[in-house]
Amino acid sequence: MLQSDVIIIGSGLAALSAAYHLCHQKKVTIITKSSWKESNSMLAQGGIAAAISEKDSWQSHYSDTLVAGCNHNNDEAVEKLVQNGITEILEWFHKGLQLDCDEEGNLCLGKEGAHEHHRIVHAGGDATGREITKFIYNFIKQSVTIVENEMAVQLLTNSGSCYGVMTKKETGEIKKYIAAKTIIATGGCGAVYGHTSNAAVITGDGIAMAYRAGAEIADMEFIQFHPTMLYLDGTCVGLVSEAVRGEGAYLVNQFDERIMQNVHPQEDLAPRDVVSRTIFYEMKKGNQVFLNISPIKQFETRFPSITALCREHHFDINSGKIPVAPGMHFLMGGIQTNDVGETSIENLFAVGEAACTGVHGANRLASNSLLEGLVFGRRLAFHLVNTPFEIPFHHDETDLENSNEITFVLPTKEEIQSIMSTFVGITRTEEELAHAAKWLENYKDSSSFWQFNVKNFTISEIEILNMMTVGWLITTSAMMRSESRGGHFRVDYPLCDDSNWLKRQLVRIKEEMQVGV
């Protein structure tokens, strides 16, 4: 039984930000199911949005965030994000974070979709997430305990309060970690879909685990599909940053027709949901879609990671056109929290993409995700530093026993991904959603989504159960919301319905799920 002041589950930027601001006052343990290097934060290309330019303002950034989020945002959370983000970035810059600067030492500011101003700070050209994640990791690695290759499988709770987590190794070994405060920072659920920009390990574990423990989950219908992933031989193989379009690239079909003209006033820099649906419809007509990068001089220098990605897959960027297609990118929903990370379970917190503060509304504004991790990681840490800590006593529990009495039949990960991509994707209908929900619910007779003995399952099987849980929450939430807004588009309800749905969240709790036995 290992004891800490704070356990953080996950190792992306939100986790590291919280750990940095906690570790000099509290004993912190970070638990991650693979390596700390394997997170969505490490894959983030574009940059971090902040109104640093004198021509810009936090009010403009605030407005852009609300417009992109289709006014489903929590306004107060957005205000904290855009106001605190400026200071946050400048502080890390002054601590030595190598951000891209011009010859005079001024920060280079890019532009991305739905932003009115150039405000995207970047590092390593298109390696911003990797550079800042590594930078903060190096600050904290000597001050925290980092446990790798252990998967958090069950929150430890008693009388509505969380006192730690149970983990499992590939060998089957079970461990328990006790703490006064537990933070879920496990990211979203990209691997629930077939085509995704996310790391393969992002299977919705933290959200599913919190749901099983009784935490409130919100806004799960809002899935952001990134418009431009490198698309080769029918497969999305990596992200092509929105910053490429910010530098002047534009979308065309095989006939060199610009597909975003007359679709949106901002054309190729329209919000992501608009661009993704346009590409989706173009591909449904049987057309191919390309990102014409010919207007960008010195592409290889400005976008070294994307250049390396293309070379890795033997695609020649000298052709001037990169084949692209949309892929699942970001979850706007998650574990419902307030602006300091508190969930509906005492002593359980969530931050980053695993959390739903409402800051992104129905559709995240480009480059607000790394910003969220930094700002809300810090806010959570400062809240905890000023909160009374009481390490819980170990609660006597009946040890989990292996049981071979029930044979569990589970789908494969690929089957779940196929169902979600086909029936709960960029566009949705009542009939398609009902088909997906029924398919997922067929497995409830053999195993409950939220009540099972973790000793009976391998790590891969627990991931499948988590994917089923999250997939079901996304699907049934999408069935309930009878309108289209941001990342949720219903063909049968194609318009926003402000009279019934404006700022109305769908909050889910485990009691609504019937238990299969």
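About the cut-offs
Residues numbered from 1 in each chain as written. Predicted model: local features only at pLDDT ≥ 70, side-chain atom pairs only at ≥ 80, totals over all residues. Heavy atoms only, no water. Pairing = 2+ DSSP bridges. Helix = DSSP H or I, 4+ residues; strand = E, 2+ residues; numbered from the N terminus. Expected span 1.5 Å × (residues − 1). Bend = angle between axes of the 7 residues up to and from the residue. Buried < 20%, exposed > 50% of the residue type's maximum accessible area, 1.4 Å probe, protein only. Contact = heavy atoms within 4.5 Å. Polar contact = N/O pair within 3.5 Å; in protein donor to acceptor, adjacent residues only side chain to side chain. Axes fitted to C-alpha atoms, helices over the stretch in contact; angles between N-to-C directions. Core = buried A, V, L, I, M, F, W, Y, C linked by side-chain atoms within 4.5 Å. 1 Å grid on protein atoms, 1.4 Å probe; cavity = no way out; pocket = protein on both sides within 12 Å on 5 of 7 lines; lining within 4 Å. Points joined across faces, edges and corners; volume = space filled by probe spheres on them. Parallel < 35°, antiparallel > 145°, perpendicular 65-115°, else oblique. Left-handed = near helix turned anticlockwise from the far one by under 90°. Nonpolar A, V, L, I, M, F, W, Y, C, P; charged D, E, K, R; others polar. Phe/Tyr/Trp six-rings, centres within 6.5 Å; stacked < 30°, edge-to-face > 60°. Lys NZ or Arg CZ within 6 Å of the ring centre and 35° of its normal.

A. Focus on the sheet that holds strand 10 (residues 217–218). Ordered in space as 18-16-10-19, the 4 strands form an open sheet in which the pairing is mixed. Two strands lie at the open edges of the sheet, namely strand 18 (355–356) and strand 19 (507–508), each paired on one side alone. Summarising the sheet, strand 10 and strand 16 (residues 334–336) pair through 2 bridges and their orientation is antiparallel. Bridge assignment links Ala 218 to a residue of strand 16, and that residue is Gly 334.

B. Highlighting helix 4 (residues 75–94). If you check helix 4, its first and last C-alpha atoms are 29 Å apart, about what 20 residues at 1.5 Å a residue would give, namely 28 Å. The axis of helix 4 is deflected most strongly, by about 35°, at Gly 85. Burial in helix 4 covers these residues: Ala 77, Val 78, Leu 81, Val 82, Gly 85, Ile 86, Glu 88, Ile 89 and Trp 92. On its buried side, helix 4 packs onto helix 1 (13–22), strand 3 (48–49), helix 3 (58–68), strand 5 (120–121), helix 5 (128–140) and helix 11 (369–385). N-cap assignment for helix 4: the residue whose side-chain oxygen lies 3.1 Å from the backbone N of Glu 76 is Asn 74.

C. Layout of the sheet that holds strand 11 (residues 223–232). Spatial strand order, 12-11-15-14-13: 5 strands in an open sheet with antiparallel pairing. Looking at strand neighbours, the two that pair on one side only are strand 12 (235–239) and strand 13 (250–253), the edges of this open sheet. In this sheet, neighbouring strand axes are inclined to one another by 55° on average, regardless of whether the strands run parallel or antiparallel. By the bridge criterion, 6 bridges tie strand 11 to strand 15 (residues 321–331) in an arrangement that is antiparallel. Counterpart to Ile 223 in the pairing with strand 15 is Leu 331.

D. Local environment of unusual backbone geometry. Backbone geometry at Asn 71 places phi at a positive 60°, although glycine is not the residue there. Positionally, Asn 71 belongs in the loop between helix 3 and helix 4. For Ser 159, which is not glycine, the phi dihedral falls at a positive 55°.

E. Summary view of the nonpolar core. Counting 62 residues, the largest nonpolar core has Val 165, Ile 184, Tyr 193 and Ile 474 as its most contacted members. Of all the elements, helix 14 (residues 459–480) adds the most residues to this core, at 11 residues. The residues contacting Val 165, other than those within four sequence positions of it, are Ile 7, Ile 9, Ile 31, Ala 152, Gln 154, Leu 155, Leu 156, Lys 175, Lys 176, Tyr 177 and Met 209. Counting residues in each nonpolar core, the second largest holds 52 residues, with Val 6, Leu 16, Leu 81 and Tyr 137 among its members.

F. Layout of the environment of Gly 69. Tracing the backbone through its elements, the reader meets Gly 69 in the loop between helix 3 and helix 4. You can call Gly 69 buried: its relative accessible area is 0%. Each residue touching Gly 69, except ones within four places of it in the same chain, is listed here: His 360, Gly 361, Ala 362 and Asn 363.

G. Layout of the layout of surface pockets. The computed volume of the second largest pocket comes to approximately 460 Å³. In terms of lining residues, the second largest pocket is bounded by 21 residues, among which His 195, Phe 280, Ser 421, Gly 425 and Ile 426 are the most central. Secondary structure elements with two or more residues in the lining of the second largest pocket: strand 11, helix 8 (272–284), strand 15 and helix 12 (413–423).

H. Highlighting empty space enclosed by the protein. Enumeration over the complete set of coordinates arrives at 4 cavities of 30 Å³ or more. Taken as a whole, the largest cavity holds about 70 Å³ of empty space. Phe 225, Asp 273, Arg 277, Ile 426 and Gly 487 are, among the 13 residues lining the largest cavity, the residues nearest its centre. Elements represented by at least two residues in the lining of the largest cavity include exactly strand 11 and helix 8. Looking at the lining of the largest cavity, the element that brings in the most residues is helix 8, giving 4 residues.

I. Region of interest: the packing of helix 12 against helix 14. The contact between helix 12 and helix 14 brings their axes to 10 Å, and the two run at 15°. In terms of orientation, helix 12 lies roughly parallel with respect to helix 14. The two elements helix 12 and helix 14 meet at a crossing, and its hand is left-handed. Side by side, helix 12 and helix 14 meet where Lys 413, Ile 416, Gln 417 and Met 420 of the first sit next to Ser 460, Glu 463, Ile 464, Met 467, Met 468, Gly 471, Ile 474 and Thr 475 of the second.

J. Layout of the pairing of strand 12. Direction of pairing for strand 11 relative to strand 12: antiparallel, over a ladder of 4 bridges. Bridging across to strand 12, Leu 232 finds its partner in Thr 235. Counting the residues in the hairpin turn of strand 11 and strand 12 gives 2 residues, including Asp 233, whose phi is positive at 55°.

K. Expanded view of the packing of helix 1 against helix 5. Viewed as axis vectors pointing N to C, helix 1 and helix 5 meet at an angle of 30°, and their least axial separation amounts to 10 Å. On the basis of the axis angle, helix 1 is roughly parallel to helix 5. The handedness of the crossing between helix 1 and helix 5 is left-handed. For the pair helix 1 and helix 5, contact is made by Leu 13, Leu 16, Ala 19 and Tyr 20 and by Ile 132, Thr 133, Ile 136, Tyr 137, Phe 139 and Ile 140, respectively. Class assignment of the residues belonging to the contact of helix 1 with helix 5 gives a composition of 9 nonpolar, 1 polar and no charged.

L. The packing of aromatic side chains, seen in detail. Enumeration according to the criterion identifies 12 aromatic pairs in this entry. Their ring planes at 90° and their centres at 5.7 Å tell us that Tyr 20 and Phe 139 sit as a pair that is edge-to-face. With a gap of 119 residues between them, Tyr 20 in helix 1 and Phe 139 in helix 5 connect regions that are remote in the sequence. Overall, the relative accessible area of 15% leaves Tyr 20 in the buried class. Judged by its relative accessible area of 35%, Phe 139 is partly exposed. A centroid spacing of 3.6 Å and a plane angle of 5° characterise the contact between Trp 36 and Tyr 137, whose relative ring orientation is stacked. Note that Trp 36 is positioned in the loop between strand 2 (28–31) and helix 2 (40–43) and Tyr 137 in helix 5, a separation of 101 residues in sequence. Among the residues examined, Trp 36 registers a relative accessible area of 10% and is labelled buried. Each member of the aromatic cluster is reached from another via a ring pair, and the members are Tyr 20, Trp 92, Phe 135 and Phe 139. The ring of Tyr 250 has Arg 258 lying over it, and the distance from NZ or CZ to the ring centre is 4.1 Å.

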